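# Reading the structure
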Amino acid sequence: MKLSEMSTDKAMAVMANMLPAVSRMMSNEKVSALFAPDKDKEENGIKFFFDMAMTLLKECKDDAVEIIGVLCDKTAEQVKKQNILVTAKDIMGCYDKELADFFTSFKRSRPVS
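Report on the accompanying structure. (Residues numbered from 1 in each chain as written. Predicted model: local features only at pLDDT ≥ 70, side-chain atom pairs only at ≥ 80, totals over all residues. Heavy atoms only, no water.)

All chains considered together, the criterion is met by seven salt bridges. Across the salt bridge formed by K47 and D51, the nearest N and O atoms sit 2.6 Å from each other. Within this pair, K47 and its partner D51 are both found in helix 3 (residues 45-59), separated by four residues, close to a single helical turn. The exposure class of D51 is partly exposed, given its relative accessible area of 24%. (Salt bridge = Lys/Arg side-chain N within 4 Å of Asp/Glu carboxyl O. Helix = DSSP H or I, 4+ residues; strand = E, 2+ residues; numbered from the N terminus. Buried < 20%, exposed > 50% of the residue type's maximum accessible area, 1.4 Å probe, protein only.)

As structure tokens, then:
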């Protein structure tokens, strides 16, 4: 379920449960570089998606699985054991542009050193 479709109480609980994994992911240099302010994600949307997917799978697989589980009200173990097509549907069902913009806004707002 998308965060934007949840009650405030449920959304806050879900966010609290996913923030540790999100924080670990954004602390990874390779993942963080994908969200640099100078990246043109709009113009290269497909390339950005595949770069992000490859980086997350290589660098932060366990954190990605944890986030999928939290958003879909499943454990990480349940997500790992389910069919990949079910996981793909879960991801598509919970992808929330507003949520993505919220988390990536923190990276964009930090000064570049």
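This next bit is on the side chain of T55. In this fold, T55 is placed in helix 3. Discounting chain neighbours no more than four positions away, the residues touching T55 are K30, V31, L34 and C60. (Contact = heavy atoms within 4.5 Å.)

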